[in-house]
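The residues making up each chain are set out below.
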Amino acid sequence: MRTFLKGLLIVFLGYVIIITGMYLLQEKLIFLPTQLPQEHTYTFEQPFTEFFLEAEDGASLNALHFEVKNPKGVILYFHGNAGNLDRWGEIASFFTQFNYDVVVMDYRTYGKSTGKLSEKSLYKDAQLFYDYILKRFPENEVTVYGRSLGTTFAAYVASANNPKKLILETPFYSMTNVAKKRFPVLPVAQLLKYRFPTNTFMNKINCPVVIFHGTNDDVVPYESGKKLAKTIPKEQLNFITVPEGGHNNLIEFQLYRESVTKIFQ
């Protein structure tokens with residue numbers, strides 16, 4: 001009996017350590033930023049302007065504005081959870097071929113951006129860049145595009161404004177939903193400081209919505225994207241399934257490229 005109780009205590013202590021570690025380290029699990037020196041120089045094939053916006057708490061947010069001649073509109077692009085604008089600038093500039101300007105920002109702690117991370121601040125930062133665009137383009141020419149982590153910020157902005165279109169690539173229903181799937185034995189709902197409830201934002205979106213999701217996504221399960229799609233009226237939604245598509249390779253599939261071309265033509 002004593003051996004059994006000792007073993008039970010060890011299991012309990014291990015469980016507590018795991019829970020504590022998850023709570024303390026969750027920012028490192030969710031956000032994977034790569035910082036850049038402030039003097040870093042970006043180089044891309046497409047013409048661009050680098051700029052900074054200052055948040056109300058003093059955070060300095062770095063961004064790129066890719067510009068084309070006589071643009072048909074502008075795409076506000078919210079990137080995924082890893083890297084910085086050195087990587088995401090190249091990915092976002094892909095859309096300039098359709099004759100659209102593209103604006104992409106680095107979140108707090110990413111690249112040259114500064115400031116303390118918090119869910120509330122990230123939403124405010126997203127709106128700050130939407131306001132930047134509204135000073136340069138009419139709202140009916142604004143498309144909001146989110147990828148992975150960025151889909152929750154894109155959905156938030158679309159819910160608080162009236163863009164022309166919202167496009168989500170590999171979105172999740174909510175961070176809580178994804179965490180529960182990944183850590184089913186942990187009380188993630190009580191542990192998470194970042195809930196990112198994309199599903200609640202979708203209920204307030206009035207513009208057309210396009211969702212891309214691959215069936216082989218091993219980061220954000222395909223089922224999470226499908227569940228999110230159910231929060232949107234069918235007549236408002238175009239859900240595009242990419243068979244065998246993963247989390248980071250949808251651009252390699254002809255279906256994705258043809259669909260994007262049709263959307264922006």
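So, how was this worked out
Residues numbered from 1 in each chain as written. Predicted model: local features only at pLDDT ≥ 70, side-chain atom pairs only at ≥ 80, totals over all residues. Heavy atoms only, no water. Helix = DSSP H or I, 4+ residues; strand = E, 2+ residues; numbered from the N terminus. Buried < 20%, exposed > 50% of the residue type's maximum accessible area, 1.4 Å probe, protein only. Contact = heavy atoms within 4.5 Å. Areas by Shrake-Rupley, 256 points an atom, 1.4 Å probe, with all protein chains shown as cover. Core = buried A, V, L, I, M, F, W, Y, C linked by side-chain atoms within 4.5 Å. Arc of directions from axis to C-beta. Pairing = 2+ DSSP bridges. Axes fitted to C-alpha atoms, helices over the stretch in contact; angles between N-to-C directions.

Participant: Whenever I open this one, the overall build of the protein confuses me. Can you help?
Facilitator: Helix and strand counts for the protein stand at nine helices and 10 strands. Within the span of the protein, comprising 265 residues, buried residues form 52% of the whole. Contacts in the protein between residues at least 24 apart in sequence constitute 71% of all its contacts with a sequence separation of at least 6. Total accessible area on the protein is roughly 13200 Å²; 55% of this is exposed by carbon and sulfur atoms.

Participant: Help me understand the nonpolar core, please; the structure alone is not making it clear to me.
Facilitator: Ranked by internal contacts, the top residues of the largest apolar core, which has 53 residues, are F78, L166 and F196. Those residues in contact with L166, other than ones at most four positions away along the chain, are V144, A154, A155, A158, M202, I205, C207, P208, V209 and V210. Y77, F98, I240 and L250 belong to the second-largest nonpolar core, a separate cluster that totals 26 residues.

Participant: Whenever I open this one, helix 9 (residues 254-264) confuses me. Can you help?
Facilitator: Side chains that are three or four residues apart share a direction in an α-helix, a result of its 3.6 residues per turn. Three or more residues of helix 9 are buried, namely Y256, S259, V260, I263 and F264. The arc enclosing the buried residues of helix 9, seen along the axis, measures out at 120°, which places them on a common side. Within helix 9, the exposed residues directed more than 90 degrees away from the buried face are Q254 and K262. Looking at the buried residues of helix 9, the elements they touch are strand 4 (74-78), strand 7 (142-147), strand 8 (165-169), strand 9 (209-214) and strand 10 (237-242).

Participant: Explain the sheet that holds strand 7 to me, please; I cannot follow it from the model alone.
Facilitator: What holds strands together in a sheet is hydrogen bonding between their backbones, with the strands either parallel or antiparallel. Strand order in the open sheet formed by eight strands is 2-3-6-4-7-8-9-10, and the pairing between neighbours is mixed. Because the sheet does not close on itself, it has two edges, and the strands there are strand 2 (48-54) and strand 10. Going from strand to strand, the sheet's axes swing by 20° on average, the running direction of each strand aside. Here strand 4 pairs with strand 7 via five bridges, running parallel. Within strand 7, the residue paired with Y77 across the bridge is Y145.

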